[in-house]
Amino acid sequence: MTDEKTPDAGDLLGQGAPGRPAVGRGPNAGGEFSQEDYHHPSAGWGAARSVAKVLAQSKEPIAGPRAIQRMNHENGGFDCPGCAWPDDRKGLHLDICENGIKHVTWEMTRKRVDREFFAGHTVTELSEWTDFALEDQGRLTEPMIYDRASDKYVPIAWAEAFELVGSTLRGLDSPHQASFYTSGRLSNEATFLYQLWVREFGTNNLPDCSNMCHEASGRALTASLGTGKGTCDLDDWAKADLLLVMGVNAASNAPRMLTSLAEAHRRGAQIVHINPLIEAASRRTIVPHEFLAMGTLHSTKTGTMNVQPRIGGDLALLRGVAKIVLERAETDPKAIDREFLQRYTTGFEAYRSLVEATGWAEIVHQSGVEEKAIRALAEVYLGADRTVVAWCLGLTQQEHGVDTVREIVNLLLLRGNLGREGAGPSPVRGHSNVQGNRTCGIDHRPPTLLLDRLEQVCSITPPREPGLDTIGTIEAMLTGEVKVFVSMGGNFSLATPDTATTFAALRNCELTVQVSTKLNRSHLIHGHRALILPCLGRTEKDVQLTGEQGVTVEDSMSMVHLSFGMKTPASPHLKSECAILAGMAQATLPASATPWKSYTQSYDRIRDVMAKVLDGFEDFNRRARLPLGFRIRQPARERVFLTPSGAAEFSCAPMPDVVPPTGRLTLGTVRSHDQWNTTIYSDNDRYRGVKNLRTALFMNTDDMRERGLNEFDLIDITSFARDGSTRSVYGYRAVAYNTPPGSVIGYMPELNVLCAIADHSQQSGQPLTKHLIVEVTPAVTGPATIPTGTPTEGGS
Ligand SMILES: Nc1nc2c(c(=O)[nH]1)N[C@H]1C(S)=C(S)[C@@H](COP(=O)(O)OP(=O)(O)OC[C@H]3O[C@@H](n4cnc5c(=O)[nH]c(N)nc54)[C@H](O)[C@@H]3O)O[C@H]1N2
Ligand SMILES: Nc1nc2c(c(=O)[nH]1)N[C@H]1C(S)=C(S)[C@@H](COP(=O)(O)OP(=O)(O)OC[C@H]3O[C@@H](n4cnc5c(=O)[nH]c(N)nc54)[C@H](O)[C@@H]3O)O[C@H]1N2
Ligand SMILES: [Mo]
């Protein structure tokens, strides 16, 4: 099929002419598109072809493959800037995947965005470009400042840029009038300097991408187990009898997990995928690190069972499983681990009563899964001695995300699946260092212990009141309470909900500062004054006064190791993130006793102070240099629970009502295979069989029939926010897909226009980007004539 003009959902606020794609689109919007079922194993030939194409396009025929050999390698390599899945610790094979290679080559491009580029284009003109086109211009090369008279970015010296940040911050009435965002690629060392600067300045306004990602997991695990991280490592994955994989599209978003799943299948473990969609990782794979050598390879199964709950139905499903486990315990004492429950947990009896009082009709209705299927799942759980439960955004971006993750823990506790080999909770984190950011102090609700240590060791007086998270920051920018916005990486304007509101909020700022590697939408949606400060990427050599510097990152499983860049920097004018932070800090705090300059000269000095401030970082410099790095101690793993009761705490959450009102549907927004969050590499989504179509809405055929829709019919989607406002996108296409009735799926970040600021979880503050209530109607008019994506009544 072809589309002459597909109006774009995010084409709003005059960014791009009507019908002309601007926000959130890939390179080849419009033209032929199709969708058909994908039958091949994941990470197979499709992945190999894709890698070959990426390397050819990067024009890095030598450096590209050499860099890939150095990725995730123990001696002197750099950590893949892609996802947070841990490296293979055995070091037996090249531990890489197709998407990791894409992210690395994306950073290593030879193209440059220099002062000539900016001189040639106004911001108004650039605003009309697609997001792909913006990032595709290549790497940023020198600091730039927005010049209102010419509507262009013009060069500025580093010292002047720092001084502008410093003087603007010093000029505020209160430090709380500034907010400091982090995207999860920032290294541990830069993270530590960042939070030190911000807290010495006087605020805890430290929003981060976690607020949209795994905030719910951290809160739930802290409440249940006393520490906000998973307890498992890859060895546990290798020893589990059952892997329960919930709400993650692993083949695209954590591809190296496929290796663990394939190995599990080979040794006879059960692998259950719980997802409204049957994703590629639940079928077969060619083990990712083997695909480069294909030819002789066989594919391996990566799933033994699929369960398809409705969107938001996981808590009900887990409670159904718990109900059967408790039922069985009446006749089979081994069904639950009584000794464990007695010795290490609290609240079991209350939980048991709650589960027993919950009827099957409610469980089936809310989960969207038949009792028979829940019983089958429970049998698998009862049959496994050791169970690991993994989860990602399908569970967290929900109103009741915290309760659902706590229900996972409840279920694990019942059978003592915690603090022993091959068992435990295992959240799959997103950005490569998002977990390390939290560990090293990026937290708008910092623990008292951290603040006490900063006070003792760093001699600062940190603020004690909580700061703003991502949603709070948008609201405060909108009202003018926050006037300065600093962003260490990321693409705030598109990653956040309610695109129109967020754009207005950013434009309301006195100063916006973006520390970035590539041009993106957040440089064009800026405050009254605006800076772009270009930094080194993780693949690049970072040379400071004492020589080449390495930085550390922490993966999903709490492993910390050093990462050394190996490429010559994209431009001689780039600074490291540590150096940029130190520069801004010095300019902000002229009387600071913190040795900012000395920290920049040698990151060992930063690590020495981190060792004194952060729990689990003792002897940091030595341990970071061990061949495989080190694992941060996770007390819950040793059955030490830092909860108020000193025990693992059962939770007794009420079952949420997740069934959409009559006539409406629940929309979850997801990534395609060919994108990194707001960076879209192409309009294809290989494992869902989609070619060249991002304005797709995956629907159950019954839901389509009820609305008189045929395959690829044009539709409008309207969301209904909690505050009564509505928002619409136009000219999407209905795609018949295996989804549960009532649940529909579309792509982020474009669909953020449908998520109101009010639509965030009361439990975690996370935007409900997996749970929007929508109506889908046949498009009123054809795609070419409709003004697109403009918020309708009340949606501002
Ligand atoms: N290549 C690539 N890798 C990435 C990223 C990327 O953009 N590209 N992003 C990184 C980041 S920051 C993150 S956080 C992770 C995200 O990794 P994922 O969590 O896999 O991200 P999504 O694409 O949002 O997919 C969510 C999955 O949850 C399912 N789902 C939706 N609603 C529900 C529900 O109610 N219940 C259940 N059980 N499942 C549901 C969807 O069908 C989908 O499979 O990936 C990281 N890795
Ligand atoms: N609707 C919807 N919205 C979502 C989600 C969803 O599932 N649905 N997921 C949410 C999640 S899980 C997340 S994590 C957020 C992601 O939110 P962000 O982390 O804010 O967004 P990214 O797209 O990952 O940021 C990409 C940009 O980072 C910059 N960058 C890349 N490498 C580096 C580096 O080494 N240093 C610096 N300083 N900059 C660098 C580049 O300029 C690039 O343009 O989006 C959230 N938004
Ligand atoms: Mo994320």
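Residues numbered from 1 in each chain as written. Chains lettered and ligands numbered in written order. Predicted model: local features only at pLDDT ≥ 70, side-chain atom pairs only at ≥ 80, totals over all residues. Heavy atoms only, no water.

On a plain count of helices and strands, the chain comes out with 30 helices and 34 strands. Going through the 796 residues of the chain one by one, you find that 67% of them count as buried. If you sum the accessible surface of the chain, you get close to 26800 Å²; carbon and sulfur atoms cover 52% of it. (Helix = DSSP H or I, 4+ residues; strand = E, 2+ residues; numbered from the N terminus. Buried < 20%, exposed > 50% of the residue type's maximum accessible area, 1.4 Å probe, protein only. Areas by Shrake-Rupley, 256 points an atom, 1.4 Å probe, with all protein chains shown as cover.)

The biggest cluster of nonpolar side chains holds 62 residues, and the ones touching the most others in it are Phe180, Phe192, Tyr194, Trp197 and Met584. Examining the composition of this core, we find that eight residues originate from one element, helix α8 (residues 188-201), more than from any other. The residues touching tyrosine 194, leaving out its near neighbours within four places in the chain, are Phe180, Tyr181, Thr182, Leu186, Ile442, Val486, Met488 and Leu581. Among the nonpolar cores identified, the runner-up in size contains 55 residues, and Ile336, Val389, Val405 and Phe650 belong to it. (Core = buried A, V, L, I, M, F, W, Y, C linked by side-chain atoms within 4.5 Å. Contact = heavy atoms within 4.5 Å.)

Take the site of ligand 2 next. Among the 30 residues in the neighbourhood of ligand 2, the closest are listed as Tyr181, Ser183, Ala495, Glu577 and Thr678. Arginine 185 has a polar side-chain atom sitting 2.9 Å from a nitrogen atom of ligand 2. A distance of 3.1 Å is found between an oxygen atom of ligand 2 and a side-chain nitrogen or oxygen belonging to asparagine 677. When the free accessible area of ligand 2 is taken as 930 Å², the share hidden by the protein chains comes to 96%. Across the shell around ligand 2, the residue classes tally to 10 nonpolar, 14 polar and six charged. Each of domain 1 (2-40 + 660-778) and domain 3 (112-200 + 449-617) contributes no fewer than three residues to the shell around ligand 2. (Near = heavy atom within 4 Å. Polar contact = N/O pair within 3.5 Å; in protein donor to acceptor, adjacent residues only side chain to side chain. Nonpolar A, V, L, I, M, F, W, Y, C, P; charged D, E, K, R; others polar. Domains from an automatic or database assignment.)

This part covers the pairing of strand β23 (residues 559-563). Counting buried positions over the five residues of β23 gives five, a clear majority of the element. Taken together, the four bridges between strand β22 (residues 551-554) and β23 define a ladder with antiparallel strand orientation. Within β23, the residue paired with threonine 552 across the bridge is leucine 562. Hairpin geometry of β22 and β23 is characterised by an intervening segment of four residues between the two adjacent antiparallel strands and by a positive phi of about 65° at serine 558. Bridge count between β23 and strand β24 (residues 630-631): two bridges; the pairing is antiparallel. What sits directly across from valine 560, in β24, is phenylalanine 630. (Pairing = 2+ DSSP bridges.)

A few words on the sheet that holds strand β13 (residues 305-307). Taken in spatial order, the five strands make up an open sheet running β13-β10-β9-β15-β16, and their pairing is parallel. Unpaired on one side and paired on the other, β13 and β16 (424-427) mark the two borders of the sheet. Going from strand to strand, the sheet's axes swing by 20° on average, the running direction of each strand aside. Here strand β9 (residues 242-246) runs beside strand β15 (residues 387-391); their pairing, made up of five bridges, is parallel. Bridge pairing links leucine 244 to valine 389 in β15. Of the strands in this sheet, β9, β15 and β16 touch helix α19 (residues 401-414), which is tilted by about 175° from β15. (Axes fitted to C-alpha atoms, helices over the stretch in contact; angles between N-to-C directions.)

What follows deals with the packing of aromatic side chains. Applying the stated criterion to the full structure yields 24 aromatic pairs. Geometrically, the ring pair formed by phenylalanine 117 and phenylalanine 118 is edge-to-face, given 5.6 Å between the ring centres and 80° between the ring planes. Accessibility expressed as a relative area gives 10% for phenylalanine 117, which makes it buried. Taking the centre distance of 4.9 Å and the plane angle of 90° together, the rings of phenylalanine 617 and phenylalanine 620 count as edge-to-face. The ring of phenylalanine 630 carries arginine 623 above its face, with NZ or CZ at 4.1 Å from the centroid. Directly above the aromatic system of phenylalanine 720 lies the positively charged group of arginine 664, at a separation of 3.5 Å from the ring centroid. (Phe/Tyr/Trp six-rings, centres within 6.5 Å; stacked < 30°, edge-to-face > 60°. Lys NZ or Arg CZ within 6 Å of the ring centre and 35° of its normal.)

The next point concerns the site of ligand 1. Neighbouring residues of ligand 1: 31 residues in total, closest Asn275, Glu279, Asp314, Gln675 and Asn677. Side-chain polar atom of glutamine 398 to an oxygen atom of ligand 1: 3.1 Å apart, as the coordinates give it. Between lysine 770 and ligand 1, the recorded distance is 2.7 Å, taken from a side-chain N or O atom to an oxygen atom. For the shell around ligand 1, the element with the most residues is helix α18 (residues 393-396), which contributes three residues.

Moving on, we get to the sheet that holds β23. With antiparallel pairing, the three strands of this open sheet are ordered in space as β22-β23-β24. Strands with a single pairing partner mark the edges of an open sheet, and in this sheet they are β22 and β24. Seen against the sheet, α8 touches β22 and β23 and runs at an angle of roughly 90° to β22.

Take the side chain of asparagine 677 next. Tracing the backbone shows asparagine 677 in the loop between β27 (675-676) and β28 (679-680). A distance of 2.9 Å separates a polar atom in the side chain of asparagine 677 from a polar atom in the side chain of arginine 671.

Looking at the chain, the pLDDT average stands at 90 and 89% of residues meet or exceed 70. In the predicted structure, residues 2-26 sits below a pLDDT of 50 and forms 95 contacts with residues beyond four places in sequence or in another chain. (pLDDT = per-residue confidence, 0-100.)

The next point concerns unusual backbone geometry. Omega for the peptide link from methionine 748 to proline 749 comes to 0°, which places this bond in the cis form. Assignment of secondary structure puts proline 749 in the loop between β33 (743-747) and β34 (772-778). Despite not being glycine, aspartate 151 shows a phi value in the positive range, around 55°. Along the chain, aspartate 151 turns up in the loop between β6 (144-147) and β7 (152-155).

Let us now look at the packing of helix α7 (residues 158-170) against helix α26 (residues 577-588). Packing of α7 against α26 leaves a shortest axis separation of 7 Å and a crossing angle of 50°. Of the possible angle classes, the one that applies to α7 and α26 is oblique. Between α7 and α26 lies a crossing whose hand is right-handed. Here Trp158, Phe162, Glu163, Val165, Gly166, Leu169 and Arg170 of α7 lie close against α26, whose contacting residues are Ala579, Ile580, Gly583, Met584, Ala587 and Thr588. Classifying every residue of the contact of α7 with α26 gives eight nonpolar, three polar and two charged. (Parallel < 35°, antiparallel > 145°, perpendicular 65-115°, else oblique. Left-handed = near helix turned anticlockwise from the far one by under 90°.)

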